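# Structural features, examined
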Amino acid sequence: MVETIESKIEALKKDRNAVILAHNYQLGEVQDIADIVGDSLELARAAASTDADVIVFCGVLFMAETAAMLSPEKTVLLPAANAGCPMADMITADQLREMKQEHPNADVVCYVNSSAEVKAESDYCCTSSNATEVVAGIDKKKEIIFVPDKNLGGYTAQQTNRKMILWEGYCHVHTCIRDGDIVKAKQQHPNATVMVHCECSSLVREIADAVLSTSGMLKLAKEFDADEFIVGTEVGMLHRLRKENPDKKFYPATEAAVCPNMKLTTVENVLWALEGMEHKITVPNDVRVLAMKALEAMRA
Ligand code: 13P
Ligand code: SF4
């Protein structure tokens, strides 16, 4: 039998008792070799519950760090060593500590797109699919600091009718989607339903039909009785939407919404990760212990 990259990955996966997790924004060919493809919350849950010894995380650093904290006994590999999330890097633990000193009675909610050190300084962690529930569960009398995404924070504040102190972070990929892009796409596809990610700007969110996480988009595409959708998120999302809904049409709000960090993982470097067992992602135990409180709140 001819050996292919895919067959080598399969064989190594068995040898190492490894599982491949891939985020919805990964390249189509990477999604296709993964055991589980999902949003941040689904992948965190999968990392915590798998009985594999090795997790190959096709995503960005904060996702692999989260997996390493939820499953400290497992080996977590990030195939693309330099795949980070610029938004997660927009706040440091020192900056968050300063913010907490200015608002000593506030509870801190951090978006999962944050470093392990920032999670360790937070009371609750959330993802785009459960931010509203997490914030709604906080005592109404409490002030809330939300970091680092001002857009997800602003959206969650609206949804829960809570006043929140927001850090000025943002995703450069989602903020490159402009309201004008949606208007133009709507002119080209007047019958399409517009769904956008919660990381988009308020102007974009206001003219969308639905504001969702990536798993929320998959659910809507499957369940909603519509044939056409305009998709306001990273373009990797279109692979799964089209694969799982072959009879429906999906149009990107803009082709420019590409996350360069999500595209650093290739099928080749998944193979190299399994061959060389690299790049191992670990989190110091003192940081992990503190961050776990926030992570437990996220997984609940
Ligand atoms: P989801 O959790 O909705 O998949 O979002 C993750 C992310 O990084 C969005 O930019
Ligand atoms: Fe970070 Fe934005 Fe890329 Fe998501 S799409 S990983 S938030 S830079």
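Please refer to the structure higher up on the page.
Residues numbered from 1 in each chain as written. Chains lettered and ligands numbered in written order. Predicted model: local features only at pLDDT ≥ 70, side-chain atom pairs only at ≥ 80, totals over all residues. Heavy atoms only, no water.

### Description of the sheet that holds strand β7 (residues 144-147)
In sheet architecture, strand pairing relies on hydrogen bonds along the backbone and comes in two forms, parallel and antiparallel. Reading across from one edge, β6-β5-β7-β8 is the order of the four strands in this open sheet, with parallel pairing throughout. A strand with exactly one partner marks an edge of an open sheet, and here the two such strands are β6 (124-126) and β8 (164-166). With strand direction ignored, the average angle separating the axes of adjacent strands in the sheet is 25 degrees. Note that strand β5 (residues 107-111) and β6 share three bridges and pair parallel. For C110, the partnering residue across the bridge sits in β6 and is C125. Where helix α5 (residues 93-102) meets the sheet, it contacts β5, β7 and β8, and its direction lies at approximately 165 degrees from that of β7. Sheet strands touched by helix α8 (residues 150-160): β5, β7 and β8. Its angle to β8, the strand with the most contacts, is close to 170 degrees. (Pairing = 2+ DSSP bridges. Helix = DSSP H or I, 4+ residues; strand = E, 2+ residues; numbered from the N terminus. Axes fitted to C-alpha atoms, helices over the stretch in contact; angles between N-to-C directions. Contact = heavy atoms within 4.5 Å.)

### Details of the site of ligand 2
Taken together, Y25, C85, P86, M87, N113, C171, E199, C259 and M262 make up the full set of residues near ligand 2. Split into classes, the residues belonging to the shell around ligand 2 amount to seven nonpolar, one polar and one charged. (Near = heavy atom within 4 Å. Nonpolar A, V, L, I, M, F, W, Y, C, P; charged D, E, K, R; others polar.)

### Observations regarding α8
α8 sits mainly inside the fold: eight of its 11 residues count as buried. Considered for burial, the residues of α8 that qualify are N151, L152, G153, G154, Y155, T156, A157 and T160. Sitting at the head of α8, D149 places a side-chain oxygen 3.0 Å from the backbone nitrogen of N151. N161 occupies a position one or two residues after α8 and carries a positive phi of about 60 degrees. (Buried < 20%, exposed > 50% of the residue type's maximum accessible area, 1.4 Å probe, protein only. Polar contact = N/O pair within 3.5 Å; in protein donor to acceptor, adjacent residues only side chain to side chain.)

### A closer look at the nonpolar core
Among the nonpolar cores identified, the biggest contains 94 residues, and V147, M195 and V231 are the most heavily contacted of them. Core analysis: the next-biggest nonpolar cluster, separate from the first, contains 17 residues, I20, A22, V270 and L271 among them. (Core = buried A, V, L, I, M, F, W, Y, C linked by side-chain atoms within 4.5 Å.)

### Topic: the packing of helix α11 (residues 214-223) against helix α12 (residues 237-244)
Put simply, α11 and α12 touch, their axes get as near as 10 Å, and they point 25 degrees apart. Relative to α12, the element α11 lies roughly parallel. Seen from above, α11 lies across α12 with right-handed handedness. Here α11 contributes T214, M217, L218, A221 and K222 to the contact with α12, which in turn contributes M237, R240, L241 and E244. (Parallel < 35°, antiparallel > 145°, perpendicular 65-115°, else oblique. Left-handed = near helix turned anticlockwise from the far one by under 90°.)

### Quick notes on the site of ligand 1
Around ligand 1, the structure places H23, Y25, D39, S40, N113, S128, H174, H197, E199, S213 and T214. Interatomic distance of 2.7 Å between a side-chain N/O atom of S128 and an oxygen atom of ligand 1. Of the residues that constitute the shell around ligand 1, the class distribution is one nonpolar, eight polar and two charged.

### Here's the deal with the side chain of K248
Relative to the helices and strands, K248 resides in the loop between α12 and β12 (249-252). Here the side chain of K248 touches A221 through a polar contact of 2.8 Å, landing on its backbone oxygen. Here the side chain of K248 touches F224 through a polar contact of 2.9 Å, landing on its backbone oxygen. With sequence-adjacent residues up to four places away left out, K248 is seen in contact with A221, K222, F224, A226, D227 and F229.

### Comments concerning the sheet that holds strand β2 (residues 36-38)
Read from one edge of the open sheet, four strands run β2-β1-β3-β4, paired in parallel fashion. Looking along the sheet, the strands with just one partner apiece sit at the ends: β2 and β4 (75-77). Averaged over all pairs of adjacent strands, the angle between their axes in this sheet comes to 20 degrees, without regard to strand direction. Lying on the sheet, helix α3 (residues 40-49) is in contact with β1 (18-23), β2 and β3 (54-58); it crosses β2 at an angle near 145 degrees.

### Points about the pattern of salt bridges
Applying the stated criterion to the full structure yields 15 salt bridges. Here R97 makes a salt bridge to D94, at a shortest N to O gap of 2.6 Å. Taken together, the positions of R97 and D94, both in helix α5 and three residues apart, correspond to about one turn of that helix. Of the residues examined, R97 reaches a relative accessible area of 36% and is grouped as partly exposed. (Salt bridge = Lys/Arg side-chain N within 4 Å of Asp/Glu carboxyl O.)

### Brief notes about the side chain of N113
Its place among the elements puts N113 in the loop between β5 and α6 (116-120). Sequence-distant contacts of N113, defined by excluding residues within four places in its chain, comprise F62, C85, M87, A88, P148 and E199.

### Topic: the environment of C176
Positionally, C176 belongs in the loop between β8 and α9 (179-188). Each C-alpha atom, one on C176 and one on V258, is 9.4 Å from the other, the two residues being 82 residues apart in sequence. For C176, the residues in contact, after removing those within four places along its chain, are D181, T254, A256 and A257.

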